[in-house]
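Listed below are the residues making up each chain.
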Amino acid sequence: MRITIIDLAERGPTRDLFKRKMSPNFASIMPQVVAVWCEELGHDVRYLCYTGYEDLTGLADETDFLIVGGFTLSAFTAYALSAIYRSKGAVTALGGPHARCYPEDAARHFDYVLGLTGKPEIAEMIGEAAPHRPYGRRLSAAVQPREIPSLRQRWKFVEATLAKAGPLKFVPMIGSFGCPYSCSFCIDATVPYQPLAFDQLKADLRFAATKIKNPIIGWHDPNFGVRFDDYLGAIEEAASPGTMRHIAEMSLSLLTDDNLARLRRNGFVGMLPGIESWYDYGNKSKATRVSGMAKVRQVADHVNRILAHIPVVQTNFILGLDCDSGDEPFELTKAFIDLTPGAYPAFSLFTCYGRASPLNLELQRAGRINAMAFHFLDSNHGMNIRPLHYSWPDFYDRVADVTRHALGAGGTWRRLVANRPGAAGLFNLFRGATTGRPRYQAEMARMLREDRGLRAYFEGETGTTPEFFKARIQRDLGPLWDALPPGALAHDSYAYLNGQAAAVA
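Residues numbered from 1 in each chain as written. Predicted model: local features only at pLDDT ≥ 70, side-chain atom pairs only at ≥ 80, totals over all residues. Heavy atoms only, no water.

Some words on unusual backbone geometry
That bond from Arg133 to Pro134 is cis: its omega, 15°, falls within 30 degrees of zero. Locating Pro134 in the fold gives a position in the loop between helix H6 (119–128) and strand S6 (137–139). Look at Ala129: it is not a glycine, yet its phi comes out positive at around 45°. Turning to its location among the elements, Ala129 is positioned in the loop between H6 and S6. Since its relative accessible area comes to 23%, Ala129 is described here as partly exposed. Phi is positive for Glu276, which is not a glycine, with a value near 65°. With respect to the helices, strands and loops of the structure, Glu276 is situated in strand S13 (residues 274–276). For Glu276, a relative accessible area of 8% gives the class buried. (Helix = DSSP H or I, 4+ residues; strand = E, 2+ residues; numbered from the N terminus. Buried < 20%, exposed > 50% of the residue type's maximum accessible area, 1.4 Å probe, protein only.)

Here we look at the pattern of salt bridges
Summed over the entire model, instances satisfying the criterion amount to 35 salt bridges. Two residues, Arg262 and Glu236, come together in a salt bridge whose shortest N-O distance is 2.9 Å. Within this pair, whereas Arg262 is found in helix H10 (residues 257–265), its partner Glu236 is found in helix H9 (residues 228–238), the two being separated by 26 residues in sequence. Using a relative accessible area of 18% as the deciding quantity, one classes Arg262 as buried. With a relative accessible area of 33%, Glu236 lands in the partly exposed category. For Asp401, the salt bridge identified is with Lys334, shortest N-O distance 2.8 Å. With Asp401 in helix H14 (residues 392–407) and Lys334 in helix H12 (residues 328–339), the pair connects residues that are 67 residues apart, well separated along the chain. (Salt bridge = Lys/Arg side-chain N within 4 Å of Asp/Glu carboxyl O.)

Some details on the pairing of strand S14 (residues 312–319)
When you tally the buried positions in S14, you get eight out of eight residues, the bulk of the element. Judged by which residues are buried, S14 turns out to be covered on both faces: Val312, Gln314, Asn316 and Ile318 on one side and Val313, Thr315, Phe317 and Leu319 on the other are all buried. Relative to S14, strand S12 (residues 268–271) runs parallel, the two sharing two bridges. Looking across to S14, one finds that Gly270 is bridged to Val312. Direction of pairing for S13 relative to S14: parallel, over a ladder of two bridges. Paired with Glu276 across the bridge in S14 is Phe317. The pairing of S14 with strand S15 (residues 344–349) spans six bridges and is classified as parallel. Paired with Asn316 across the strands is Ala346, a residue of S15. (Pairing = 2+ DSSP bridges.)

What follows is the structure in structure tokens.
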């Protein structure tokens, strides 16, 4: 069969220069893995990583089977693509986070919906290749695959994607599935931690060095280096110091002074530690016995020690957790930003992604979830959990304030000075200068005070998407808007989220 695989790194056409040049670096690994498996099964595969400007429908007349991978924020793009390719006679499948989080809704638009996926599930699906309508067939393995195709096998798909990137090109690599931590909000917390074969990891690193001089390896592990000595030992065996660079997401508890020195020797240039909250989730920050300002000072000192070894550090926060109330959590975050001017702070709004985690189901049963359109569930533009201790306008006022403090002119200048001249400073400057998030959040606060219909939507009193959001979705989807199936905005998951969670959990 002629199989087209599309990885949605963007949700629609974009003119954002930062996204255009960086999105290829955020291509997912599993669509490339599935592409290899489909070829091994004897099929003709066309692979495309969509970064905001490619033609998504040009292969529709030449496709027998379409496989799409994407996050929830790109769900409407995926639904529109499925409708277009189905109209041309193709069978369609959806995989990735949205398929795992909202399988009931995805099944309305695709013939197959994939959960945890190995080669047997792909073989079964491709072997059957039958339309399933009005509701698609759900396939899922019990666990993540024990092994995946090597970088050498995936390389033609990786190479085609990296050719679209700017000067920075991240070679996608993964050494483990799942996460050993149990953060209740995280989709990976329910997946058992499972390292992949270290011999394969070493072979992949050696292969990358033959294709790109001094490559930057982008580790996709939910929490890299849990078996720290094993992973660093594999890197040291595969590559000499100075021949390879790395970017990874690790918990602060793993970033001890000795480990930082070893990471620096082995070329780690970017680190994304999760701080999450000043009151909760302390296991990952090695700050289980302190909270509030004491935790701020302890974590700030730790992050500054990381910056002494690793030039680019992104600190990740979640805003609106139930443990937050009043001004204090936001003021603490601003204090932290002032104490760590060299770090780039990234903020995520507390968001429920369907059935992704135990906490999500608890919040659904409690009636705390609204019908925020999938398009805005990117942890930045929309929030579907009603804050426990804030009104919506007050919450967005505080979010806008802390984001402005971090990413406004003052915070951007302090970060540039702290980073000193060099690639790290320019990268953070370019990244911060292209975001319009503070203005957007301030506008949301104003509208939530003045627009009763929008406020009712956020409060969960209605599932009808407001015109403000519809217009933005239409603008973002561009020509795909006309292909969006009827009723996609008023998705069935609204009923599921507000009362049926217990029945389907």
